[in-house]
Structures are given as structure tokens and as C-alpha cells.
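Listed below, chain by chain, are the residues.
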Amino acid sequence: MSKNKSSESVKVVVRCRPLNRKEESNGPAGCIVQMDLRLGQVILRNPRASSSEPMKTFTFDAVYDANSKQRDLYDESVRPLIDSVLAGFNGTIFAYGQTGTGKTYTMQGAWLDPEKRGVIPNAFDHIFTHISRSQSDKQYLVRASYLEIYLEEVRDLLDPNHGSARALELRESPDSGVYVRDLTSCVCKSIKEIEEVMNVGNQARAVGATDMNEHSSRSHALFLITVECSQPGPDGRKHIRVGRLNLVDLAGSERQAKTGVQGERLKEAAKINLSLSALGNVISALADGRSGHVPYRDSKLTRLLQDSLGGNAKTVMVATLGPAPQHYDETLTTLRYANRAKNIQNQPRVNEDPKDALLREFQNEIARLRAQLNHRKWRSKQKKEEQVDGEGWERDGEEETEGEEEGEEVEKEAEEYVKLEEQRLEREKEAIREDQFLLAEEKQRLLGEKERMMGDLRKEQEATEQLTAKYKAMESKLLVGGKNIMDHTNEQQKMLEMKRHEIAEQSRSEREIQQQVLAQDEETLELRETFTSLQQEVEAKTKKLKKLYAKLQCIKAEIQDVNDEHVRSRQELEQTQNELTRELKFKYLIIENFIPPEEKNKIMNRLTFDPEEDQWKFQPLVAAESKSSQMKKRPASAVGYKRPISQFARVAIKMGTNSRYRAENIMFLELDMTPPNTASLDHQSHSVDSSPTKDRGVRKSRSWCQPPKSIASSSSNVSLSSCHAATPMAAQ
């Protein structure tokens, strides 16, 4: 129970599911969990121990066996918390336990079956039913958000681009505590709307199949409901209270040997176990009371639940158990965590007139729109009075209706005013057309002015309609108490729920009284004992000694169990670490062999560690201050060339004729049209062969790679024909 008025203990309840078909087919080992509903006790039997070993007993605020109903759990354990949220407190409900023990069924259940609806749909019904039954001077604003923590990343389940969206960041403010930045928030006006928000988020949630659960949750899901209430206080001013409800469906703890997960599922299981281990460390540190440091920052989950565990909130923890003998170790671990959580003390307080209340902004916006509508109403009224030459409306202008009636009245008056103006302008236009004394240009000018006045009139009408629609939309988001009540049926339902609540409170108080009586009996038994003989005293002391010895054996067995559990947990963590290390080495091998070192260095240089998020992040390629200056893109091809070409090659093409740097036209295929060069013959030489091929001047070919060479010749160059003519003469 609470130590003082300002603190309150975390309420812990335990629920055990029935055996499934697979567990029943394994053998007649039976159930290892027994529930004492009257005393709120869970008795656990070790299937591997001898029959003489005593069973372990744990006491909680309430326990529910396999035959319990969803409605019983909600009425006894959850309904008081929802009432506190509606009164302005923060509240949290979260299910904790091994995978496949019924956490999602407890929190959500079967939506279509009224008997199997879980905590979340019953909470929806409770909130909106309370609003409809409240007094008419109260205004409510209900908002809903849905997120999941998948692989230690916070993701918005209501984001349409959920799969490709970046992970959200956690921030902390002194007023509202830890919050998620840029999280989608939907205003809900009915049960149907908030259920639709829930369904949209459930479709995007990460779910997978394992050997223990066909529909295993692979992420922690948090459904956040904010209820803002405005009501007049004793000072005549409107005061706002804000209650926040966190509905948490945790992923179950897993052991790889039992779930058989591999690859991506193994990574998910490692992250789930890591966050649940951090949650267990936080619970242990808070329950101990001697630790000066509580490791909230070890996980995103513990950061979000910081107010719920040891902070400003009322918290209910539902621990779910599996009754099968093969799950004894996990069941014992869950019971120990739940038993520690009972000792956590929270300091809940009412959130009255907070700075971040959205309801006040809505009210201010509605008041501003109402003032604009009243101003338009007054203007249209003045114009009407001018038209009828003083025969104005005989209405009291001081009495102003509010809400929908005022909006409809202004809309009707605006429509009537527009009709009258249109009729007047049409009459004036006809009069201008029929006037024979006006010039054509003057008629066109007057008609143009009337058309302009008609356009201004239509624009004013559209602006009034838009303003009225905005006013109605803003006002429709606020829920007014006592607005949709059928008195007779409502009173009957209210009385029925009050009786049900009284029964739940009575059973809870009886259970607490019985637990206190048992504890007091053990303390005062020795004081009330009287002995008539020495033998009787010896027998009583022997009996007490045996009882204390049994307790000692239980404590020794408990210490041994804790050590064994620690060894098993360490072995499983080492096995998981080996699997992840093997996969990491494989990725390192790929990086070393297939990624160039300069590219790897570029990536490494961009990495920075964010201590706030406790993770590594990439720096943007463009600095934040120079976002306008974008990076230059690599050109698809060089300008003026058919393919990309380096700057060095471009310079080499211009500077020389080396074919190595030519990107195009490597060979010159055009014809050489230059005139041929000729050589003269030595007429005085008689040893010249008479062969015509040797007598003729030979032209040497030129190519693109050989520069032209000059041929030595005499000063008198003759043509080829003269050379041919000179040859026979020389022969004679």
C-alpha cells in the first residue's frame, strides 16, 4: 500500500492462460501454477524437484486463473485507473510476460465479441461513455497516438509512409516529461473513430511467427490517449485538466532454443530481450530503494515508461503466465519481476492547467472565429439597413446565440443578403441597358462596375461560407458533456456500472483485509500462545523450529534458483552474442573485399555518436546552414562529347595528336586532296635505268600520324608531262 498521501504503489495483477493443444499433447504433466483468488496468491510447483520440496508462493493485488473473464479483470483492476485519468492523472497499463502467454489477448482481445474484448476497447467505451454522461458545462478533447519500438527504433504506426519513414526521436521537457517528437496525433470524437485509429496502427505493426506463437509481436506497442477537460472553477474561470493514458503491449521475452528463431527474427529477439532486461533493471533499482541511479536511458522502452515507473503516474502491471511444465523457468522469472514491481512507489498528481493543453488553443481559435462571424453579421446588418432606408430589423443585437445555432443564423443572413444584393444589381444593370440617353462607352463602364461589384459580392459570400465551415469543424472536435443522453437508459446503465464497481471494490478490500490478517496472525501467534506444561512448550518450539527450518530451505532453494537462472541467462546471452558476432564478421568480410577503402573511409568519417539517443548516426552530406546549396550531380556525359571524358583527356586532345587521348575519330578517313609533289631527273646521268617507274617522280603517302616530309628537288621544277617528254630525248 502507499506509504503516504503523495505516493502510491504500482498495482500488480497476475493472469494465467489455459494449456493449449500442443502443451496438452506433450503429456499428462499437468499445470504447475495454482491460483488462490480469495487471497490473491500464486503457488508455483517445480516439475523437476522432489515432492518434499515446498512450493513457491507469491502474493499480488489480484490474480486471475484460466477461467477468468476479460470484464472481471477490467472492472476490478483497470476501471479505477481510467477514472483517475478522466480526473486529470497520468495512467499506464502494461502487460509483461513470456511470449505466447496472452499479453495481446489481455490488452486487445477479440473486438467483435463483447465478452472477449480486452483492456483497450473497454477503456475506449469507458472514456466516451463518461464524457456523454458528464455535465453540460464541461468540454472534452480526446487525442490518440500509436507507436511501436521495433529494433530499438521508435516508429509511428499512424504514418502513411510507415515502412520508409525515418525513426522518431525522444525528447524531454520539464513540463510534459519524455515525449516523442513529430508523433502523429488524431482527434477522436467517438468510439468508432478511435477504434479506426487502432485498426490502422495494428495493420502496420510488426508481427511474425515463431515455434511458440504463430502471431508473435516483434515490437513493443504503445497506444497513447490524451483526455483534456475544461470546466468552470470557483473563480468563474475555465480550468483545464489533462489526463494521459498509456496502453502498452510489450513483446514477450524469448529463448532461442524454444522459439527457434534465426536471421532477422534472431535480431528482433535480441533487441526485445535487451529492452526487457533494461526494464527489469529499472524495476530492480526502483524496488531496492537504495540505488541512487535508475538506468532509464538504457532503452527506448524505459525512457518512455519513465513517468510510469517511479514518476507522475498511476500504474497497473498485468503479468501473464504460462502453466506448462516446460515454461517453469520463464514463469518463475516473470513472478519475481512482478513481485519486485509491487515495491515501486509513484508520485501521481493532477495535471491542471498545463502549458501544452491543446484544448485551450481550440477554445481561443473558436472564440476568434466566432468574433469574425459576429463582425460579418453586423456588417451585413448595416448594409441591409442602408438598403431599406432605415426600416431595419427589429431584433435585439445584444442577445447572441452560441454554437451551431449562431453559425446557422449567420449563414442564413449572409445568403439572404447576397440574394437581395444580386437582385438590386440586376435591376440596376437592366436600367442602364434601357437608358437611351447614355453613350455606349458610358454604358460599358457602368456595366463593368456592376459586374465587379457582383464578383466582390460572391467572394464575400465564399469567405463567409469558409469561415462558417471552419468554425463548425473546430467546434465539432470538442465533446460537450450531457449532449447525447437518453435519460432513462443512461441512468440504468450508470446504476449498473456503479453496482459493478462497488462489487469489485468490495472484493478487492476483502482480499486486502485477508492478506493483512494472515500477516498479523503470523506475528502475534507467539504472543498469544500459553503452555500448561513443559512438554507442550517443547512441542510448540519444535514445530516452530521445523517451520523456520523449512523457510530456511526455501530461501536456500531460492538462492540456488537465482544462481541457476543467472547461469542460464548468461549462456543464452553468450549464444545470442556468438550468432550476432558470426553475422557481423560475415558483413565485415563483405566490406573488406567488395567495398573500396576510400568509400569505407568516407562513411566512417560521416559517423557521429549521439549521446541523447545512445546510437551512431550519419552526418548529412550538406551542412544544415547551407541546405540551399545542393551538391553538384555527376554529369551523365561531358558537354559536346558522346561519352564521359576526363579533363586530362580533353586537354590532351587540344594539345596534341596522340591517339591515346582521342575519344572520337581515332582514324582519319577523309581523302587527301593536296596536289602531289614531284621530283626532277638528273639529265646528265647516263646510268639511269630506262624503266618508266624509276624515271617518274614518286609521291609519298601521308597519314594522320606522319607529318609531311620535304623532298629535295632542283630549282627548276617541271611538270610530270614535261618530264615524260624529256625522257625520250635523253634516250636519243
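Residues numbered from 1 in each chain as written. Predicted model: local features only at pLDDT ≥ 70, side-chain atom pairs only at ≥ 80, totals over all residues. Heavy atoms only, no water.

A. Representation of the sheet that holds strand 4 (residues 41–44) in the model. What the three strands build is an open sheet, ordered 3-4-5; its pairing is antiparallel. Each edge of the open sheet is held by one strand with a lone partner, namely strand 3 (33–36) and strand 5 (56–59). Taking each pair of neighbouring strands and ignoring which way they run, the sheet shows an average axis angle of 20°. Here strand 4 runs beside strand 5; their pairing, made up of four bridges, is antiparallel. Counted as the bridge partner of Q41 is T59 from strand 5. (Pairing = 2+ DSSP bridges. Helix = DSSP H or I, 4+ residues; strand = E, 2+ residues; numbered from the N terminus. Axes fitted to C-alpha atoms, helices over the stretch in contact; angles between N-to-C directions.)

B. Here's a closer look at the environment of M198. Mapping M198 onto the fold places it in helix 5 (residues 191–204). Look at M198 and you get buried, because its relative accessible area is 1%. For the pair formed by M198 and Y146, sequence separation is 52 residues and the distance between their alpha carbons is 7.4 Å. M198 has contacts with Q108, W111, I120, F124, Y146 and F223, leaving out every residue within four places of it along the chain. (Buried < 20%, exposed > 50% of the residue type's maximum accessible area, 1.4 Å probe, protein only. Contact = heavy atoms within 4.5 Å.)

C. Looking closely at the packing of aromatic side chains. For the structure shown, the criterion picks out five aromatic pairs. Ring geometry for Y146 and F223: centres 5.1 Å apart, planes at 70°, overall edge-to-face. On the criterion of sequence distance, the pair formed by Y146 in strand 8 (residues 139–150) and F223 in strand 15 (residues 220–232) is long-range, its members being 77 residues apart. Of the residues examined, Y146 reaches a relative accessible area of 2% and is grouped as buried. Measuring from ring centre to ring centre gives 5.4 Å for F609 and W616, while their planes differ by 65°; the resulting arrangement is edge-to-face. Residue classification places W616 among the exposed positions, given a relative accessible area of 58%. Over the face of the ring belonging to F89 we find K314, whose NZ or CZ atom lies 4.5 Å from the ring centre. The residue whose ring lies beneath K342 is F60, and the NZ or CZ to ring-centre distance is 5.5 Å. (Phe/Tyr/Trp six-rings, centres within 6.5 Å; stacked < 30°, edge-to-face > 60°. Lys NZ or Arg CZ within 6 Å of the ring centre and 35° of its normal.)

D. Quick look at the nonpolar core. In this structure, V14, V42, F60 and L279 are the most contacted members of the largest nonpolar core, which totals 49 residues. Ranked by residues supplied to this core, first place goes to helix 7 (residues 264–288) with seven residues. Apart from residues lying up to four places away in sequence, V14 is in contact with M35, V42, F60, A62, V63, Y64, A319, L321 and L335. (Core = buried A, V, L, I, M, F, W, Y, C linked by side-chain atoms within 4.5 Å.)

E. Structural context of the pairing of strand 4. Side-chain alternation along strand 4 places Q41 and I43 on one buried face and V42 and L44 on a second face that is also buried. Where strand 3 meets strand 4, four bridges bridge the pair, whose relative direction is antiparallel. The residue of strand 4 that forms the bridge with V33 is L44. Counted along the chain from strand 3 to the antiparallel partner strand 4, the turn is four residues long, and its residue G40 has a positive phi close to 70°.

F. Structural view of unusual backbone geometry. Positioned with a positive phi, L151 is a non-glycine residue whose angle comes to about 55°. For L151, the location among the structural elements is in the loop between strand 8 and strand 9 (153–156). The phi torsion at D182 lies on the positive side, around 60°, for a residue other than glycine. Following the sequence through the fold, D182 ends up in the loop between strand 11 (177–180) and strand 12 (186–188). Overall, D182 belongs to the exposed group, its relative accessible area being 53%.

G. Highlighting the confidence of the model for the chain. Residues of the chain with pLDDT of at least 70 account for 67%, and the chain-wide mean is 75. pLDDT under 50 marks residues 683–732. Its contacts with residues more than four places away, or in other chains, come to 31 contacts. (pLDDT = per-residue confidence, 0-100.)

H. Seen up close, the packing of helix 9 (residues 328–341) against helix 14 (residues 534–594). Two elements in contact, helix 9 and helix 14, have axes whose closest approach is 12 Å; the angle formed by their N-to-C orientations is 110°. Comparing the axis directions of helix 9 and helix 14 gives the class roughly perpendicular. Considering how the two elements wind past one another, helix 9 and helix 14 form a crossing that is left-handed. Along its contact with helix 9, which presents Y328, D329, L332, T333 and R336, the element helix 14 presents E558, D561, V562, E565 and R568. For the contact of helix 9 with helix 14, a count of residues per class yields three nonpolar, one polar and six charged. (Parallel < 35°, antiparallel > 145°, perpendicular 65-115°, else oblique. Left-handed = near helix turned anticlockwise from the far one by under 90°. Nonpolar A, V, L, I, M, F, W, Y, C, P; charged D, E, K, R; others polar.)

I. How the structure looks around the side chain of T106. In this fold, T106 is placed in helix 3 (residues 103–107). Setting aside anything within four residues of it in sequence, one finds T106 in contact with R15, Q70, L73, G118, V119, V318 and T320.

J. Representation of helix 5. Helix length check: helix 5 (14 residues) gives 21 Å between terminal C-alpha atoms against 20 Å at 1.5 Å per residue, within 8%. When helix 5 is considered as a whole, its buried residues turn out to be I194, E195, V197, M198 and G201. For helix 5, the buried positions fall inside an angular range of 155° around the axis, keeping them on one side. Exposed positions of helix 5 whose direction lies more than 90 degrees from the buried face are K192 and Q203. Each element contacted by the buried residues of helix 5 is listed here: helix 4 (119–133), strand 8, strand 12 and strand 15. (Expected span 1.5 Å × (residues − 1). Arc of directions from axis to C-beta.)

K. Looking closely at the packing of helix 2 (residues 70–86) against helix 4. Orientation of helix 2 relative to helix 4, taken along the N-to-C sense of each, is 45°, at an axis distance of 10 Å. With respect to their mutual orientation, helix 2 and helix 4 come out oblique. Remark: the crossing between helix 2 and helix 4 carries right-handed chirality. For the pair helix 2 and helix 4, the contacting residues are R71, L73, Y74, V78, R79, I82, D83 and L86 in the first and V119, N122, A123, H126, I127 and H130 in the second. Per-class residue counts for the contact of helix 2 with helix 4 are eight nonpolar, three polar and three charged.

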